[in-house]
Amino acid sequence: MNQTKIPKRISSALVNSLSAGVVPRIGLEYIAVGRKLEIESVLRELGNVAEGGAAFKLITGRYGSGKSFLIQILRNYAMDRDFVVADADLSPERRLVGTKGQGLATYRELMTHLSTRTRPDGGALEALLQKWFASLQQQAMAQLNLRPGDEQLQMEVEQRIFEVTGNMEHMVHGFDFARVLSAYWNGYKSSDDELKQNALRWLRGEFPTKTEARRELGVGVIIDDDNWYDYMKLWAEFMSRIGYKGLLLFIDEGVNLYKITNTVSRQSNYEKLLTIFNDTMQGKAQHLGIFLGGTPQFVEDQRRGLFSYDALRSRLVAGRFGEGTGMLHYAGPILRLEMLSHAEILVLLEKLRDLHASHYGYEAALDQRQLLRFMESELGRMGADALLTTREVVRDFMDLLNTLHQYPERGFDELLPDVLGRSAPSGALAGLSGGSGGAPRGAADVGAAQQPGATVSPGGASAPAQSYGVGRGQGGYGASASPSEGGARGSYAGGSALSARAAERISFPASADEADAAYSTAARGTHAAASPDATRSAAQASAPGYGASPSAAPSAPDHGADPSAPPRPRGSGFQSGENVESLRESRDSDSGHDWPSDPPPPAHAEEENLDDILAELDL
């Protein structure tokens, strides 16, 4: 990145898009990280399309997991390899089929974004046809030794056009498609702009009635909601005949089909998707690749997702010996995107740091240790194991870089508590930023209160030993109480803002060593939220006044520390405990800092009444 000079236009697009959480359209090669196996599987499909086959892939992943990013990388890669590509996002107005022309709207969107290597930003239809005509003229002149003004040249070019279109007349709607292409050629050679525009309107699906099409072009059909996919197969065949490797359609936001409330309309869209799936898998389509992005819920929900349509479910469901047993493979019709590994995200952060410095013209200041510390802060956020995505990490990091650049007097150590979602009291920043440089974990998140059982440091400052539970909007009023290793590790974290009285109870460690000790204990707590019933019963079992203390509850297994547990595959999620531990080990090996081992579980402090606790949390 430091040796490569990125054009200002591209770096501006990258910085602005990433800061806003939007996938850039250009310059992705400068920040691409990981996805080797996924990209290799798609490249095999592209090879099949180039050889005359067809491909269909469902790219699934959580919001922010990188679906749109992968689709854009594949789109740009395919354009550079002489594929014609088109992309569109589904929406309530754009579907696969609909009673109000939603399917035709998707076709029009795809044709608007039709792109080639020389026209990467869309609108390539007219340029593509004119390039074909020009190449036919050059071939005829070279082979027959003709001059540009010869009459025989026009006849020879027209004959070659009919050779291409004539071979397509056996396909569905192929005859009318060939006639419209011939009409465009007649307008092209006679400089009849009106005839050319009418032909282009028909090819883009903009003729409203068959009567108007017959009057203007002499064809009795138009592209509509029912037949637009048949014309996509015609376009794919045509692209292969004029020198391209094929046509690739990238359709994102498939979850909008899942959101269709009308059952009949939703099933009609799934039926159209089944037709597309069968055509590509059975070899009925040629030189055509279709890549559809959506969430796992869109695919696997058996009430409204693709699995609610039995014909699709039987084709897409995981097999008994591969994905059905928990092993990912990339040969099937579904390409499941897992989260990037932490090593890959660290590489991404390095690229973003250098990109930002290059764009604004300053020397990159954040070192590897600070990047690791930032990652620890992201992993330690409330609910990180279930909710944190690559998009969230990138947005937070770009926000940090923008703040450091705009306010050079503010240091990294001073801003990190803000990244953590905490508000450090006045006078506490000096203690937080000193010492070993480790992120202070004794500070409570906004929305989490210090619990009974907190450890008291020698200096008098208290640090909670509990995990930071999922907030009210993410599974009830608090995370499930899961005592581990004999200690009370439950959380009464609330999703709403703390009251003034509860805010007074938030305290910070007096020194960096105490922060490290508190962090060692807090980082091992669970971040997973239980069901509301389980949460309620756990809270009742552990709260004073219900006849049981947290220390009396059965000890939950600590999966993050079990050496016999099977290793997690890459991308199994931001599992807070084990991943923070691994990041801390990486940082220790880099800096030589000796982190303290986990302290023994704290003794249960003086019990408080549950009603008082809920009152202070405004619950």
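Here, the structure is the one placed above.
The structure contained in this document is the topic of the report that follows. (Residues numbered from 1 in each chain as written. Predicted model: local features only at pLDDT ≥ 70, side-chain atom pairs only at ≥ 80, totals over all residues. Heavy atoms only, no water.)

## Considering the packing of helix 5 (residues 125–144) against helix 8 (residues 193–203)
Part 1 of the argument: Helix 8 packs onto helix 5 with a crossing angle of 120 degrees between their chain directions and a minimal axis gap of 11 Å. In terms of orientation, helix 5 and helix 8 fall into the oblique class. Between helix 5 and helix 8 lies a crossing of right-handed hand. Counting all contacts with helix 5, which are made through Leu125, Glu126, Leu129 and Gln130, the residues of helix 8 involved are Lys196, Gln197, Leu200 and Leu203.
Part 2 of the argument: Broken down by class, the residue content of the contact of helix 5 with helix 8 amounts to four nonpolar, two polar and two charged. (Axes fitted to C-alpha atoms, helices over the stretch in contact; angles between N-to-C directions. Helix = DSSP H or I, 4+ residues; strand = E, 2+ residues; numbered from the N terminus. Parallel < 35°, antiparallel > 145°, perpendicular 65-115°, else oblique. Left-handed = near helix turned anticlockwise from the far one by under 90°. Contact = heavy atoms within 4.5 Å. Nonpolar A, V, L, I, M, F, W, Y, C, P; charged D, E, K, R; others polar.)

## Let's talk about the pairing of strand 4 (residues 288–294)
Part 1 of the argument: When you tally the buried positions in strand 4, you get seven out of seven residues, the bulk of the element.
Part 2 of the argument: With burial as the criterion, each face of strand 4 is covered, one bearing Leu288, Ile290, Leu292 and Gly294 and the other bearing Gly289, Phe291 and Gly293.
Part 3 of the argument: Sheet topology note: the strand 1 (residues 54–60)/strand 4 ladder contains seven bridges and is parallel. Within strand 4, the position partnered with Thr60 by the bridge is Gly294.
Part 4 of the argument: In the sheet, strand 3 (residues 247–252) pairs with strand 4 via five bridges, with the strands oriented parallel. Its bridge partner being in strand 4, Phe250 is matched across the sheet by Phe291. (Buried < 20%, exposed > 50% of the residue type's maximum accessible area, 1.4 Å probe, protein only. Pairing = 2+ DSSP bridges.)

## Concerning the sheet that holds strand 2 (residues 84–89)
Part 1 of the argument: Read from one edge of the open sheet, five strands run 2-3-4-1-5, paired in parallel fashion. In the strand order of this sheet, the two ends are held by strand 2 and strand 5 (334–336), each with one partner. Strand-to-strand twist in this sheet, taken as the mean axis angle between neighbours without regard to direction, amounts to 20 degrees.
Part 2 of the argument: One ladder, built from three bridges, connects strand 1 with strand 5; its direction is parallel. Note that in strand 5 the partner of Leu58 across the bridge is Ile334.
Part 3 of the argument: Sitting on the sheet, helix 3 (residues 67–80) is in contact with strand 1, strand 2, strand 3, strand 4 and strand 5, with an inclination near 165 degrees to strand 3.

Read these as geometric descriptors, not functional statements.
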